[in-house]
Amino acid sequence: MKKVLLSLLVLVLAVTMAKADLRAWYAFDESSGDYAFDSSSYGNTGLLVAETEAGDPPVAFGFTSTQPQRIAGVNGNALLFNSPALNNYNTVRVTKSDSIRYMGDGFTFAFWLRQDSRAVTAGNGGGYPRVISCPNYEVELGVPGWEYDYIWPYDNGGFQVDVGPTYLSLGGSLGDWYHMAITFDGQYLKKYLNGQLAFSADFTGQNLIDIWQYGWDQAPLTIGGQVWPNKDFFIGAMDDVAIWGNAYLDADAVAGLFAQTLTPATAPFTEIPEPTTMLLISLGGLLLRKRK
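The structure presented is a predicted model; accordingly, all values stated were derived computationally and were not measured. What you see as residue numbers is a count from 1 along each chain, following the sequence as written. Local features in this predicted model are restricted to residues whose pLDDT is 70 or higher, and side-chain atom pairs enter the listing and the counts only when it is 80 or higher, whereas totals over whole chains, interfaces and linings include all residues. The basis for the side-chain values is all heavy atoms of the structure; hydrogens and waters are excluded.

*Asks:* Quick question: what am I supposed to make of the overall build of the protein here?
*Replies:* Scanning the protein from terminus to terminus reveals four helices and 20 strands. The contact rule is simple, with two residues in contact once any of their heavy atoms fall within 4.5 Å. Put simply, 65% of the contacts in the protein that link residues at least 6 apart link residues at least 24 apart. Note on areas: these come from Shrake-Rupley sampling with a 1.4 Å probe, and a residue is covered only by the protein chains present in the view. Put simply, the protein shows about 12900 Å² of open surface, and 56% of that area lies on carbon and sulfur atoms. In DSSP terms, a helix is any run of H or I states spanning at least four residues, a strand is any run of E spanning at least two, and both are numbered starting from the N terminus.

And the structure:
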């Protein structure tokens, strides 16, 4: 009987436990074409999009945009996003996918950025440039006069990471490449700039439940602007955009990404078991003890 119970427990765990790993990695190393391919195991391919309208309700730009431009990056190629001076707004859109919908109780976002402007951007938005945006979570950069660090849960259970001070406010210059990582280990939200811890806060009890809702049932994950409505475009370049779910990177792993001794594929991560998984393990242990 114990063997049967153990087998059933293992089967249930295999079905219910979300895998803790690298969910998406966009190296942007393609030399041409309409796609940014995902180098993780999930195949979350992104489409390079030339935006035609922005705002809510949407208003046509009145000019013709082009797709993000391929340029030399930190590691191979990178993508250049958005140029108000050239009347050009664009993003990368990734089709809705469960692998990047549910982040679990721990996550990491890591990327190289070259921020070319901190000005309020087109699209009737607040001007907070979106690095990553989807219905469940957003990673934003601050603008002059708005430099806060906090997590703000949406009332439907999503969350927004406002990363506050950028490299510029810490002594860097516009046009410089810098590495940023945002991690959450189930308790502490941490932000790293160029491999160094720049912010840490205890967010125990915050509502970070992921629910792909908020009226955007079919909305994609967007890189370089807000998912819906189109606005708050990031102005600059990005390289090696990576997302981990049910897992987080520690300080050494983040430092390795910055030093380029690690890649998103080789960076070690710490798994965060889901509450359901822990409950099933506990129940399984109780059942086995009762059968002894």
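*Asks:* Could you clarify how one ought to interpret the pattern of salt bridges in this entry?
*Replies:* Once the charged atoms of two side chains with opposite charge are near each other, the side chains can pair. For this document, the term salt bridge refers to a Lys or Arg side-chain nitrogen within 4 Å of an Asp or Glu carboxyl oxygen. As enumerated under the stated definition, the model contains nine salt bridges in all. Note that Asp21 and Lys19 form a salt bridge whose closest N and O atoms lie 3.8 Å from each other. For every residue, the accessible area (1.4 Å probe, protein chains only) is compared with the maximum for its type, and the residue is labelled buried under 20%, exposed over 50%, or partly exposed between those bounds. Taking relative accessible area as the criterion, Asp21 reaches 8% and is therefore assigned buried. Taking the relative accessible area as the measure of exposure, Lys19 reaches 54% and is therefore exposed. Measuring nitrogen to oxygen at the nearest pair gives 3.3 Å for the salt bridge that ties Asp98 to Arg101. With Asp98 and Arg101 both in helix H2 (residues 98-101) and three residues apart, this pair spans about one turn of that helix. Residues joined in a network through salt bridges with shared partners are Arg130, Glu138, Glu140 and Asp232.

*Asks:* It is not clear to me how the side chain of Asn90 should be interpreted in this structure. Could you clarify?
*Replies:* Within the fold, Asn90 resides in strand E8 (residues 90-94). A relative accessible area of 1% places Asn90 in the buried class. Throughout this description, a polar contact denotes any pair of N or O atoms lying within 3.5 Å of each other; where both atoms belong to protein, one of them has to be capable of donating a hydrogen while the other can accept it, and for residues adjacent in sequence the pair is counted only when both atoms sit in side chains. Within polar-contact distance, the side chain of Asn90 engages the backbone oxygen of Thr66 at 3.0 Å. Once residues lying within four places of it in the same chain are set aside, the contact partners of Asn90 are Val49, Ala50, Glu51, Thr66, Gln67, Pro68, Leu80, Phe81, Asn82, Gly224 and Phe233.

*Asks:* What is the right way to look at the packing of aromatic side chains in this model?
*Replies:* Each aromatic ring pair is specified by the distance between its two centres and by the angle formed by the two planes. The rule is short: rings of Phe, Tyr and Trp, with Trp giving its six-membered ring, pair when the centres are within 6.5 Å, and they are stacked under 30 degrees, edge-to-face over 60, tilted in between. Under the definition given, this model contains 13 aromatic pairs. Look at Phe61 and Tyr89: their rings are 5.2 Å apart centre to centre, the planes differ by 25°, and that puts the pair in the stacked class. Of this pair, Phe61 sits in the loop between strand E5 (59-60) and strand E6 (69-72) while Tyr89 sits in the loop between strand E7 (77-81) and E8, placing them 28 residues apart in sequence. The same class applies to Phe61 and to Tyr89, which are both buried.

*Asks:* Hey, could you run me through a nonpolar patch on the surface in this one?
*Replies:* Nonpolar side chains (Val, Leu, Ile, Met, Phe, Trp, Tyr) within 5 Å and like charges within 9 Å form the patches, drawn only from residues with over 30% relative accessible area and no salt bridge. Among the surface-exposed residues, Tyr35, Phe37 and Leu47 lie close enough to one another that they form a single nonpolar patch of about 290 Å² accessible area. Secondary-structure assignment places Phe37 in the loop between strand E2 (35-36) and strand E3 (46-50).

*Asks:* Would you mind showing me how to read the nonpolar core here?
*Replies:* The nonpolar side chains of a soluble globular protein tend to be buried with one another. Side-chain atoms within 4.5 Å link the members of a nonpolar core, which is a set of buried Ala, Val, Leu, Ile, Met, Phe, Trp, Tyr and Cys residues. Counting 40 residues, the largest nonpolar core has Phe109, Phe111, Ile132, Tyr137, Leu221, Ile223 and Met238 as the members making the most contacts within it. Not counting residues up to four positions away in its chain, the partners in contact with Ile223 are Tyr26, Phe28, Phe81, Thr91, Val92, Val131, Met238 and Val241. Counting residues in each nonpolar core, the second largest holds 13 residues, with Ala27, Ala181, Tyr192 and Leu249 among its members.

*Asks:* Sorry if this is basic, but what is going on with empty space enclosed by the protein here?
*Replies:* Summary: where empty space remains is shown by rolling a probe the size of a single water molecule over the atoms. Here the term cavity refers to a set of points on a 1 Å grid, laid over the protein atoms alone, in which a 1.4 Å probe fits but cannot get out; the term pocket refers to an open set having protein on both sides within 12 Å along at least five of seven lines, with lining residues being those that place an atom within 4 Å of a point. Grid points are joined across faces, edges and corners, and a volume is the space filled by probe spheres set on the points. All told, the structure shown has two cavities of 30 Å³ or more when counted by the stated rule. Counted as a void, the second largest cavity has a volume near 30 Å³. Gln115, Thr166, Tyr167, Leu168, Ser173, Leu174 and Tyr178 are the residues that line the second largest cavity. Looking at the lining of the second largest cavity residue by residue, the classes come out as four nonpolar, three polar and no charged. The classification used treats Ala, Val, Leu, Ile, Met, Phe, Trp, Tyr, Cys and Pro as nonpolar, Asp, Glu, Lys and Arg as charged, and all other residues, Gly among them, as polar.

*Asks:* Help me understand the environment of Gln115, please; the structure alone is not making it clear to me.
*Replies:* By secondary structure assignment, the location of Gln115 is in strand E9 (residues 107-115). With 120 residues separating them in the primary sequence, Gln115 and Ile235 have C-alpha atoms 6.2 Å apart. Ignoring sequence-local partners within four residues, the contact set of Gln115 consists of Leu141, Gly142, Thr166, Leu174, Gly175, Asp176, Tyr178, Phe234 and Ile235. A polar atom in the side chain of Gln115 sits 3.3 Å from the side chain of Tyr178.

*Asks:* Even after reading the chapter, I still don't get unusual backbone geometry, so can you show me in this structure?
*Replies:* Note: most peptide bonds trans; most residues except glycine with negative phi. One non-glycine residue, Phe28, adopts positive backbone phi at about 60°. Within the secondary structure, Phe28 sits in the loop between strand E1 (21-26) and E2. Its relative accessible area of 0% is what places Phe28 among the buried residues. A positive phi angle is found at Asn87, which is not glycine, with a value near 50°.

*Asks:* Please explain the side chain of Asp239 as it appears in this structure.
*Replies:* Turning to its location among the elements, Asp239 is positioned in strand E18 (residues 236-245). With no salt bridge to any partner, buried Asp239 finds its closest opposite charge in Arg70, at an N-O distance of 9.8 Å. A distance of 2.9 Å separates a polar side-chain atom of Asp239 from the backbone nitrogen of Asn75. Setting aside chain neighbours within four positions, we find Asp239 in contact with Tyr26, Ala27, Phe28, Gly73, Val74, Asn75, Asn77, Ala78, Phe111, Trp112 and Trp177. Positive charges come from Lys and Arg, negative ones from Asp and Glu, while His and the chain ends are left out of the count.

*Asks:* Whenever I open this one, the pairing of strand E15 (residues 188-193) confuses me. Can you help?
*Replies:* Remark: a regular strand shows side chains that alternate across the two faces of the sheet. Relative to E15, strand E14 (residues 177-184) is paired through five bridges, and the arrangement is antiparallel. Looking at the pairing, Thr183 lines up with Lys190 of E15. Here E14 folds back onto E15, and the loop between the two strands holds three residues, one of which, Gly186, carries a positive phi near 100°. When DSSP finds two or more bridges between a pair of strands, those strands are recorded as paired. One ladder, built from six bridges, connects E15 with strand E16 (residues 196-202); its direction is antiparallel. From the neighbouring strand, Tyr192 faces E16, where its bridge partner is Leu197. Hairpin connection between E15 and E16: a loop of two residues separates the two successive antiparallel strands, and Asn194 in this loop has a positive phi of roughly 50°.

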